[in-house]
Amino acid sequence: MPSLELLKEWYDTVWVQQDLDAIDRLFTPDIEAQGVMDFGVGPDDFRVLAEAVLAQVEISEIRFDRDVAMGDWVWATFTVFAVTLADRLPVQTTGQIMARVKDGQVVEAYNQIDFLTFFEQLGYLPPDSLALCLSGEGIAA
């Protein structure tokens, strides 16, 4: 399977269909995905992360906005469309990933996700948190 198709399968299967067992099928056991947390995230950690996110929102679509595939490597920007589970309000955020695929599994992954906007929309951070921080205002007491 081409690297871009595998990446699309990953996002659809794990995040939209919420099939967390696919993590073990699509990730190598020794992968440490970078950029999601301050440390590398392996398959077990990623399952916990996915459960935590999916306890907050239902993801209806992950749209690939731009992508480049070159051999085993693929890079993509994407937009996530979801609703909150608590009150069905829309949530939308963006991200990007660069991943290397080998033998039908992701063996390296480097992520950047706009969690700031995500948590603002969930109500866990005040609106315009980035602007507040850039102006020198604190967002917590």
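Everything numeric in this text was worked out from a predicted model, so none of it was measured.

**Topic: a nonpolar patch on the surface**
Point 1. On the surface, a cluster of nonpolar side chains totalling about 260 Å² of accessible area is made up of Trp73, Met98 and Tyr110.
Point 2. Counting through the fold element by element, Trp73 comes out in strand β2 (residues 73–84).

**Brief notes about the pairing of strand β1 (residues 57–70)**
Point 1. Inspection of the sheet shows β1 paired to β2 by twelve bridges, in the antiparallel sense. When the sheet's bridge partners are listed, Arg63 is paired in β2 with Thr79.
Point 2. Linking β1 to β2, which pair antiparallel, is a turn of two residues; within it Gly71 sits at a positive phi near 65 degrees.

**Observations regarding the packing of aromatic side chains**
Point 1. Overall, the coordinates contain eleven aromatic pairs when judged by the stated rule.
Point 2. Between Phe115 and Phe119, the ring centres sit 6.0 Å apart and the planes meet at 25 degrees, which makes this aromatic pair stacked. Of the two residues, Phe115 and Phe119 both sit in helix α4 (residues 115–121), four residues apart, roughly one turn of that helix.
Point 3. With relative accessibility at 24%, the residue Phe115 sits in the partly exposed group.
Point 4. Classification of Phe119 by relative accessible area gives partly exposed; the value is 30%.
Point 5. It is Lys8 that lies over the ring of Phe64; its NZ or CZ is 5.8 Å from the centre.

**Let's talk about the sheet that holds β2**
Point 1. Strands sit in the order β1-β2-β3-β4 across an open sheet of four strands; the sheet is antiparallel. Two strands close off the open sheet at either side, each with one partner strand: β1 and β4 (105–113). Pairs of neighbouring strands in the sheet enclose a mean axial angle of 25 degrees, with direction left out of account.
Point 2. For strand β3 (residues 90–102) and β4, the ladder comprises eight bridges, and the chain directions are antiparallel. Paired with Gly95 across the bridge in β4 is Ile113.
Point 3. Contacting β1, β2, β3 and β4, helix α1 (residues 3–16) crosses the sheet at an angle of about 170 degrees to β1.

**Considering the confidence of the model for the chain**
Point 1. In this model, the chain carries an average pLDDT of 92, and 99% of its residues clear a pLDDT of 70 or more.
Point 2. Mean pLDDT per element in the chain: helix α5 (residues 129–134) is the minimum at 90, and β2 is the maximum at 97.

Rules of the game
- Within every chain, residues take consecutive numbers counted from 1 along the sequence as written.
- Residue-level local features of this predicted model are given only where pLDDT is at least 70; pairs of side-chain atoms are given and counted only at 80 or more, and the full residue set underlies all totals for whole chains, interfaces and linings.
- Side-chain measures were taken over the full set of non-hydrogen atoms in the model, leaving aside hydrogen atoms and water.
- Here a patch means residues that are over 30% exposed by relative accessible area and free of salt bridges, tied together within 9 Å if like-charged and within 5 Å if nonpolar (Val, Leu, Ile, Met, Phe, Trp, Tyr).
- What sets the accessible areas is the Shrake-Rupley method with a 1.4 Å probe; for residues, cover comes only from the shown protein chains.
- Salt bridge criterion: a side-chain nitrogen from Lys or Arg within 4 Å of a carboxyl oxygen from Asp or Glu.
- The helix and strand labels rest on DSSP assignments: H or I over at least four residues marks a helix, E over at least two residues marks a strand, and numbering proceeds from the N terminus.
- The pairing criterion for strands is at least two bridges between them, as found by DSSP.
- Classification of ring pairs rests on two measures: the distance between centres of Phe, Tyr or Trp rings, Trp counted by its six-membered ring, which must be within 6.5 Å, and the angle between planes, read as stacked under 30 degrees, edge-to-face over 60 and tilted in between.
- Type-normalised accessible area, obtained with a 1.4 Å probe on protein chains alone, sets the label of each residue: buried when under 20%, exposed when over 50%, and partly exposed for intermediate values.
- Criterion for a charge above a ring: Arg CZ or Lys NZ at most 6 Å from the ring centre, at most 35 degrees from the ring normal.
- Note on geometry: axes are lines fitted to C-alpha atoms, helical ones only across the stretch in contact, with angles between N-to-C directions running from 0 to 180 degrees.
- Contacts: residue pairs with any heavy atoms within 4.5 Å of one another.
- Per residue, pLDDT measures the predictor's confidence, with a range of 0 to 100.

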